[in-house]
Amino acid sequence: MQPIPAADFSDKEKIALGERLFFDKQLSGDGTLNCASCHGLNKGGVDNLVTSTGIKGQKGPINAPTVYNSVYNKLQFWDGRAKDLQEQAAGPVMNPLEMGSHDWAEVSKRVMAQPGYKEAFTKVYGGQANQERITNAIAVYEATLVTPDSRFDQYLKGHENAINEQEKRGYALFKDLGCASCHVGKAMGGQSFEVMGLEGDYFGKRGHPSDADQGRFSQTHNALDMHRFNVPTLRNIELTAPYFHDGSAKTLEEAVREMVRYQTQKGQIPEKDVQDIVAFLKTQTGSYRGHNLATITEEAAGILPSK
């Protein structure tokens, strides 16, 4: 586990362009949705829905992962179908259940018709908007959506009193149960794909199977990848309910109990231990642009007026 470093804002003009595009509803087919519709920067980088609502009120098949700290993922999306942030940024725009645009030429035309974009794209890229440039700008901006300075980061840096005794007990339990073997790195996740239901039949117990439950298998068609998902980040986890790819865990306490039951050999732990682990997980909430993510306002998050 490593502290999250501060973001690199050196490419200011490209970041500013990507930020405007992230909040631009002209990327959607009917001008009603933007990237922030599913990834609210004042909501932990998610929408707090079981599955997201797309164009014309359509419901997607899977829970929206947070955009915060996604730059640290080895691959993007629950099934790893995007190799990086730029490829990830392209997917929802054309997805008929999400932003519902039909082709990038039309999206680029709508973007370029708005004031300021012609000058911005010319200055940053030397030409007009297209898929490559739009998605690159968004990806560069999303790479700045990191949340350093959590209390746990301060603890990792040697500040012993940054977390209290209950939170330290939770951290010890987190390691003893084996959670730290998958939730690793700066984001405490996103480094591997693991089977959901390693120690129990999660899907059999839950019922109502769907294609979204296939996980990594949907991309590799390797039987060993069935029900294998990108390990989610634990950063800012108290803000990103509901949990899991299916949004089935409504609270952090429920998520901890389910993880212990289906991913560890313990099966069950005392309620006090659950509360200690939850207390530890709440130390993961970091800051964005100098504001604690738990209390950040729309203005502080840089959320722009609707276009």
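Look a little higher up for the structure.
So, here is what we can say about the structure in this document.

About the cut-offs
- Residues numbered from 1 in each chain as written.
- Predicted model: local features only at pLDDT ≥ 70, side-chain atom pairs only at ≥ 80, totals over all residues.
- Heavy atoms only, no water.
- Helix = DSSP H or I, 4+ residues; strand = E, 2+ residues; numbered from the N terminus.
- Rg over C-alpha atoms; globule rule 2.2 N^0.38 Å.
- Buried < 20%, exposed > 50% of the residue type's maximum accessible area, 1.4 Å probe, protein only.
- Contact = heavy atoms within 4.5 Å.
- Areas by Shrake-Rupley, 256 points an atom, 1.4 Å probe, with all protein chains shown as cover.
- Lys, Arg positive; Asp, Glu negative; His and termini not counted.
- Charge placed at Lys NZ, Arg CZ, Asp CG, Glu CD.
- Phe/Tyr/Trp six-rings, centres within 6.5 Å; stacked < 30°, edge-to-face > 60°.
- Lys NZ or Arg CZ within 6 Å of the ring centre and 35° of its normal.
- Axes fitted to C-alpha atoms, helices over the stretch in contact; angles between N-to-C directions.
- Parallel < 35°, antiparallel > 145°, perpendicular 65-115°, else oblique.
- Nonpolar A, V, L, I, M, F, W, Y, C, P; charged D, E, K, R; others polar.
- Expected span 1.5 Å × (residues − 1).
- Core = buried A, V, L, I, M, F, W, Y, C linked by side-chain atoms within 4.5 Å.

1. Some thoughts on the overall build of the protein
Then, number 1: Of the regular secondary structure elements, the protein holds 11 helices and four strands.
Then, number 2: Against the 2.2 N^0.38 benchmark of 19 Å for 307 residues, the protein shows a C-alpha radius of gyration of 20 Å, consistent with a compact globule.
Then, number 3: A principal-axis box enclosing the C-alpha atoms of the protein has dimensions of 60 × 45 × 30 Å.
Then, number 4: Here the protein holds 307 residues, and the buried ones make up 52% of them.
Then, number 5: Taking the intrachain contacts of the protein between residues at least 6 apart in sequence as the baseline, contacts between residues at least 24 apart amount to 65%.
Then, number 6: For the protein, the computed accessible surface area is about 14200 Å², with 52% contributed by carbon and sulfur atoms.
Then, number 7: Taking the average place of the 34 positive charges on the side chains of the protein and the average place of its 38 negative ones, the gap between the two points comes to 2 Å.

2. A short note on the packing of aromatic side chains
For any pair of aromatic rings, geometry is given as the distance between the ring centres together with the angle between the planes.
Then, number 1: Per the stated rule, a full pass over the model turns up 15 aromatic pairs.
Then, number 2: Between Phe22 and Tyr141 the ring centres are 5.4 Å apart and the planes differ by 65°, which places this aromatic pair in the edge-to-face class. Separated by 119 residues along the polypeptide, Phe22 in helix α1 (residues 12-22) and Tyr141 in helix α5 (residues 131-142) bring together distant segments of the chain.
Then, number 3: Here a set of aromatic residues connected by ring pairs shows up, and it is made of Phe152, Tyr155, Tyr171, Phe174 and Phe280.
Then, number 4: Seen from the ring of Tyr117, Arg20 lies directly overhead, with NZ or CZ sitting 3.8 Å from the centre.

3. Comments concerning the packing of helix α7 (residues 165-176) against helix α11 (residues 271-281)
Then, number 1: Closest axis-to-axis distance for the α7/α11 pair is 7 Å, and the angle between their directions is 100°. Classed by the angle they form, the pair α7 and α11 counts as roughly perpendicular. Of α11, the residues touching α7 (which contributes Gln166, Glu167, Arg169, Gly170, Tyr171, Leu173 and Phe174) are Lys272, Asp273, Gln275, Asp276, Ile277, Ala279, Phe280 and Leu281.
Then, number 2: Grouping the amino acids of the contact of α7 with α11 by side-chain chemistry returns seven nonpolar, three polar and five charged.

4. Here's the deal with the environment of Gly29
Then, number 1: Here Gly29 lies in the loop between α1 and α2 (85-94).
Then, number 2: Along the sequence, Gly29 and Lys168 sit 139 residues apart, while their C-alpha atoms lie 48 Å from each other.
Then, number 3: Leaving out residues up to four positions away in the same chain, Gly29 has contacts with Ile55, Met99, Gly100, Ser101 and Arg110.

5. Focus on helix α10 (residues 252-263)
Since one α-helical turn is 3.6 residues long, residues separated by three or four positions face the same way.
Then, number 1: Between its first and last C-alpha, α10 extends 16 Å over 12 residues, near the 16 Å set by a 1.5 Å rise per residue.
Then, number 2: Those residues of α10 lying buried are Leu252, Ala255, Val256, Glu258, Val260 and Tyr262.
Then, number 3: At its buried positions, α10 is contacted by α8 (202-206) and α11.

6. Describing the nonpolar core
Then, number 1: Residues Leu21, Phe22, Leu27, Leu41, Val111, Phe121 and Ile134 are the most contacted members of the largest nonpolar core, which totals 34 residues.
Then, number 2: Those elements that place two or more of their residues in this core are α1, α2, α3 (104-112), α4 (117-125) and α5.
Then, number 3: Core analysis: the second largest hydrophobic core is formed by 32 residues, Leu173, Phe203, Ala249 and Val256 among them.

Function cannot be read off these values alone, since they describe shape.
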